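Fold and contact review
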Amino acid sequence: MSRTLTRRATVVVAVTAAVALGATACGGTTKNSSKDSGGGAKATASADPNAATKKGLTVAFLPKQVNNPYFTIADGGGKQALDALGSSYKEVGTSSGTDTAGQVSYVNTLTQQQVDAIAVSAQDPGALCTSLNQARKNGIKVVTYDSDTKPECRDLFVSQASSEDLGRTEVQLLAEQIGYKGEIAILSAAQTATNQNTWIDFMKDELKDPKYKDVKLVKVAYGNDDAQQSFQQTQGLLQQYPNLKGIISPTTVGIKAAAQYLAGSKYKGKVKLTGLGTPNDMRAYVKNGTVDAFELWDPAKLGSLASYAAVALASGQISGAEGQSFKAGDMGSYTIGKDGVVVLGKPTVFTKDNIDQFKF
Amino acid sequence: MTVTADTPQQIAADEPTASRRFLDRVLKLRALAVLAVLLVMLAATQIYNSEFLSQQGVKDLLLNATILVLVAVGQAMVVITRNVDLSVGSVLGISAFAAGTYLHGGGNPLLAVLIAVGLGVLFGLLNGLLVSLGQVPALVVTLGTLYIIRGIDSIWVGSRQITANDLPASFVDFGHDGLSVIPYLALLTLAVLVAAGYYLRSYRGGRDLYALGSSPEAARLAGVPVRKRILTAYVVCGALAGLAGALYLARFGNVDSGTGNGYELTVVSAVVVGGVAFTGGSGTVYGAALGALLLTSINSVLPSIGVSSVWVLAIDGVLLLLAIAVDRIVALRVAGVLRKRAAQMRSAHHA
């Protein structure tokens, strides 16, 4: 068993070595690959930060859902970075965002095709583990982006922004708009949405700061990421709390529905709205004065960072251990944190002054 | 209706009017019951929260219901003929995107609405032809077109979406403005509702739809043009789904390839809650409209009294079962009463 694995790994190494340019890079990869195939799915600490960046690699993007505008932009950013690095890009994936079995079979196919690295946004933290670890035993580097798997099933997770940053900055944005005074509410997605709930916990924590002593969070409502339901939940909030000053919606579907409702109601401009949204969705509402400012990470940068991380891994410059760092083109240098997580940075705030620079 | 066929010719003149009056009253009571539930619910909410029926509140209630009412009216016409159209959600989605694409390119809003309606007519025609010519169960046929249309939508739309920024301001304003508390969308919907109600009640074509639903075989023997009528019902249903798509675009200002996904189930619920029997031949579009209004109003009532939205689905389900149970009991009672009357008449005649 282990002999066949080693042999397969040697084949992979041979293939990559054939396209590799630097001799040092070769050495680094061989070392990592053999260790990987022997020790299974554990990130090795040995890496050569000075190894040359390999060219001609193939990095496959496996988003949660193809044809989803958000992932189209993210993967587009990934392609751009790979073009710049001289490696090639491919994208495969399921057309449903909840087809976990489909994602598993895509991982298996990519393993058979012997791509150099997979950048995956996992639909489920556990379901992909077996097939991803199989891929890693075959020398394929695995980077998760946007949605992580369990830490032991991938080499790196490229996180859009830390949950803490997202939660706290949304409260800061709204508090500024309402002058640190008045009742506020949250319009979330589903009651069980993990991301949203983590952010909301950080929002509540941020509100404990004495500077928010006059700001009161009165309710968390759930619009289930459905336009009609988000409309009606917003209406309910405004009826139940006539003195409501602001709403935070940490979901792109919720915020645009709430904005569309506010824009067509007597509350336009009187009740502030902020949260996570995309510039294309929100452009009309920022321009007509319904929304002052909202925020989001730049999905193109997220995909781009995933590409740089995947190439750095495949080139042997990093192995996924805490404290290692790698260069990501003109985005600068990134350092790997605890559990192999790389954070993209603070979210970008969009206002009417800068929104036209962003086309996504 | 079936009873009249058995009764002797001589009494046919006064017996049917009596039983029809009785049936009429029962059906009206059925609609009145939905209306009563709705009014009690709204009044109770208003007492709990005085903001609920404010000017903005009433406007929101009407706006929330309009799109569902439109599609439910079309669906009711199909269900009355003992068929069903499951493709309405897909038709709504694809026509909304078509209208949006046209407007994005600088098109005329009125023409955009017509494009959406036209697309709906086209798909209605397809459904109607498949059902009436193919002689296959409507449930299966329209399930097929549901997937086909959604598939075309996904391929055509891809990851694109129409946002409020792509639409002319006048079109978006039309989605929420109105004459004081009555939104334009609600007026439009009311006009459609009254027209459909009038057609079903007073036109031969409308009455034929009921005859078809009561007993397709009897209707065919009585000379009802079956194919033509079924085709009409599906075309109207498709056209209204298309119109609803255009209004969806105006109201929500956002359409992508997932728009309208799963909407058919909400529509069917509204129709059934409104007293349109799934076995065909009975119910009115007014009832269907009331059912739609009731379902959307529940979704507005719960948040404004602070009840968690996780209850909404369960409550919708309970209402549905309740409606079917009431229908079943009423149907049994009506059949019983009619049988008794017929027997009385017959014995009175023999005496």
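Numbering of residues starts from 1 in each chain and follows the order in which that chain's sequence is written. Chain letters start at A and ligand numbers start at 1, both assigned in the order the entries are written. For a predicted model such as this one, the threshold for reporting local features is a pLDDT of at least 70, and the threshold for listing and counting side-chain atom pairs is 80 or more; totals across whole chains, interfaces and linings nevertheless cover every residue.

The secondary structure listing takes helices from DSSP runs of H or I that are at least 4 residues long and strands from runs of E that are at least 2 residues long, numbered from the N terminus. A tally of helices and strands in chain B yields 14 helices and 2 strands. Here the C-alpha atoms of chain B give a radius of gyration of 22 Å, agreeing with the 20 Å that 2.2 N^0.38 yields for 351 residues. Overall size of chain B, expressed as C-alpha extent along the three principal axes, is 80 × 50 × 35 Å. Here a residue counts as buried when 20 or more other C-beta atoms sit within 10 Å of its C-beta, as exposed when there are 12 or fewer, and as partly exposed otherwise, the C-beta atoms being derived from the backbone. For chain B, the proportion of its 351 residues judged to be buried stands at 48%. Once C-beta atoms have been placed from the backbone, residue pairs whose C-beta atoms lie within 7 Å are recorded as contacts. Within chain B, contacts between residues separated by at least 24 positions form 78% of all contacts whose residues are at least 6 apart in sequence. For this measure, only C-alpha atoms enter the radius of gyration; the expected value for a globule follows 2.2 Å times N^0.38, where N is the number of residues.

Turning next to helix α5 (residues 129-137) of chain A. Residue and element names in this part refer to chain A. Those residues of α5 not exposed but buried are Leu132, Ala135 and Arg136. Around the axis of α5, the buried residues are gathered within 100° of arc, so they sit on the same side. The first or second residue beyond α5 is Gly139, which carries a positive phi of 85°. Along the arc lie the directions from the helix axis toward the C-beta atoms.

Looking at soluble globular proteins, one finds that nonpolar side chains tend to be buried together. If you look at the biggest cluster of nonpolar residues, it comprises 193 residues, and the most contacted ones within it are Ile118(A), Ala309(A) and Ala72(B). It is helix α11 (residues 226-252) of chain B that contributes the most residues to this core, 17 residues altogether. A domain assignment, automatic or from a database, supplies the domain bounds used here. No fewer than three residues from each of domain 1 (2-160 + 299-345) and domain 2 (163-296) of chain A sit in this core. Not counting chain neighbours up to four residues away, the residues in contact with Ala309(A) comprise Val143(A), Leu156(A), Val158(A), Phe326(A) and Val342(A). Joined through C-beta atoms within 7 Å, a set of buried Ala, Val, Leu, Ile, Met, Phe, Trp, Tyr and Cys residues constitutes a nonpolar core.

The subject of this paragraph is the UniProt feature "domain: Periplasmic binding protein" (unreviewed entry) in chain A. When the UniProt feature table is mapped to this numbering, "domain: Periplasmic binding protein" (unreviewed entry) covers residues 59-317 of chain A. Annotation note: span residues 59-317 of chain A, helix share 46%, strand share 19%, distance between end C-alpha atoms 16 Å. UniProt positions are given in the numbering used here, feature names are shortened, and annotations may be inferred rather than shown by experiment.

As a further point, take the pairing of strand β9 (residues 272-275) of chain A. Note on strand geometry: in a regular strand, side chains alternate between the two faces of the sheet. Residues and elements named next belong to chain A. Side-chain alternation along β9 places Lys272 and Thr274 on one buried face and Leu273 and Gly275 on a second face that is also buried. Strands were regarded as paired on the criterion that DSSP finds at least two bridges between them. Across 4 bridges, the pairing between strand β8 (residues 244-249) and β9 is parallel. When the sheet's bridge partners are listed, Ile247 is paired in β9 with Leu273. Considered for its hand, the β-α-β crossover made up of β8, helix α9 (residues 252-263) and β9 is right-handed. A clockwise path from the first strand over the helix to the second, with the strands pointing away from the viewer, defines a right-handed crossover.

As a further point, take the confidence of the model for chain B. Residues and elements named next belong to chain B. Per-residue pLDDT for chain B averages 89, and the proportion of residues at 70 or more is 93%. Within a predicted model, pLDDT stands for the predictor's per-residue confidence, ranging from 0 to 100. Low pLDDT (under 50) marks residues 1-13, which in the prediction has 15 contacts with non-local residues, meaning those over four places away or in another chain. The complex prediction reports pTM at 0.80, with the ipTM value standing at 0.85.

Residue and element names in this part refer to chain A. Pairing is parallel across the open sheet formed by 6 strands, whose spatial order is β2-β1-β3-β4-β5-β13. Every other strand in the sheet has two partners, leaving β2 (88-91) and β13 (341-343) as the edge strands with one partner each. The mean inter-strand angle of the sheet, taken between neighbouring strand axes irrespective of direction, is 20°. Two strands pair when backbone bridges link them, and strand β4 (residues 141-145) and strand β5 (residues 156-159) are joined in this way by 3 bridges, in the parallel orientation. What sits directly across from Val143, in β5, is Leu156. Between N-to-C directions, angles cover 0 to 180 degrees, with each direction set by a line fitted to C-alpha atoms, over the stretch in contact for helices. The strands that helix α3 (residues 69-85) touches are β1 (58-62), β2 and β3 (117-120); relative to β2, the one it contacts most, it runs at about 160°. Sheet strands touched by helix α11 (residues 299-314): β1, β3, β4, β5 and β13. Its angle to β4, the strand with the most contacts, is close to 160°.

Residue and element names in this part refer to chain A. Here 4 strands make up an open sheet; going across it, the order is β7-β6-β8-β9 and the pairing parallel. Strand pairing shows two members of the sheet lacking a second neighbour, β7 (215-222) and β9, which therefore form its edges. Strand-to-strand twist of the sheet, defined as the mean angle between neighbouring strand axes without regard to direction, takes the value 25°. Across the sheet, helix α6 (residues 163-177) lies against β6 (182-188), β7, β8 and β9, angled at about 165° from β9, the strand it touches most.

With that settled, consider the environment of Phe252(B). Turning to its location among the elements, Phe252(B) is positioned in helix α11. Not counting chain neighbours up to four residues away, the residues in contact with Phe252(B) comprise Ala227(A), Ala257(A) and Gln260(A).

Once that is clear, we can look at unusual backbone geometry. Residues and elements named next belong to chain A. Phi is positive for Gln114, close to 55°, though the residue is something other than glycine. Looking at the element boundaries, Gln114 is found in the loop between α4 (100-113) and β3. A positive phi angle, near 55°, is found at Asn224, a position not held by glycine. Counting through the fold element by element, Asn224 comes out in the loop between β7 and α8 (227-240).

Residue and element names in this part refer to chain A. Here, expected helix span is obtained from the residue count minus one, scaled by 1.5 Å. For helix α7 (residues 194-206), built from 13 residues, the straight-helix expectation of 18 Å at 1.5 Å per residue is met to within 8% by its first-to-last C-alpha distance of 19 Å. Of the residues making up α7, those classed as buried are Gln196, Trp199, Ile200 and Met203. Along the axis of α7, the buried residues cluster in a sector spanning 105°; they form a single face. On its buried face, α7 sits against α6, β6, β7 and β8.

What follows concerns the interface of chain A and chain B. On the side of chain B, 27 residues touch chain A, which itself brings 31 residues to the contact. Elements with a minimum of two residues in the side of chain A that touches chain B: α3, β7, α8, α9 and α10 (279-287) of chain A. Take the side of chain A that touches chain B: its biggest share by element is 10 residues, from α8(A). When the residues that make up the side of chain A that touches chain B are grouped by side-chain class, the tally is 10 nonpolar, 17 polar and 4 charged. Residue polarity is assigned by list, with Asp, Glu, Lys and Arg as charged and Ala, Val, Leu, Ile, Met, Phe, Trp, Tyr, Cys and Pro as nonpolar; anything else, Gly included, falls into the polar class.

A few words now on the confidence of the model for chain A. Mean pLDDT over chain A: 86, with 87% of residues reaching 70 or higher. Throughout residues 1-44 of chain A the model reports pLDDT below 50, and contacts reaching past four residues in sequence, or to other chains, amount to 65 contacts.

Moving on, we come to the packing of helix α9 (residues 204-214) of chain B against α11(B). Residues and elements named next belong to chain B. Where α9 contacts α11, the two axes come as close as 10 Å, and the packing angle between them is 105°. One finds that α9 runs roughly perpendicular with respect to α11. When α9 is examined against α11, the residues Gly205, Asp208, Leu209 and Leu212 are found in contact with a partner set consisting of Val226, Arg229, Thr232 and Ala233. Angles below 35 degrees are treated as roughly parallel, those above 145 as roughly antiparallel, those between 65 and 115 as roughly perpendicular, and all remaining angles as oblique.

What follows concerns the pairing of β7(A). Residue and element names in this part refer to chain A. Here β6 runs beside β7; their pairing, made up of 7 bridges, is parallel. When the sheet's bridge partners are listed, Ala185 is paired in β7 with Lys219. In this region the chain leaves β6, passes through α7 and returns to the parallel neighbour β7; the handedness of that crossover is right-handed.

Residue and element names in this part refer to chain B. Looking at where Gly291 falls in the secondary structure, it is placed in helix α13 (residues 285-304). Sequence separation of Gly291 and Ala323 is 32 residues, and the distance between their C-alpha atoms is 9.8 Å. The contacts of Gly291, once residues within four sequence positions are left out, are Val34, Ala72, Ala270, Val271, Val273 and Gly274.

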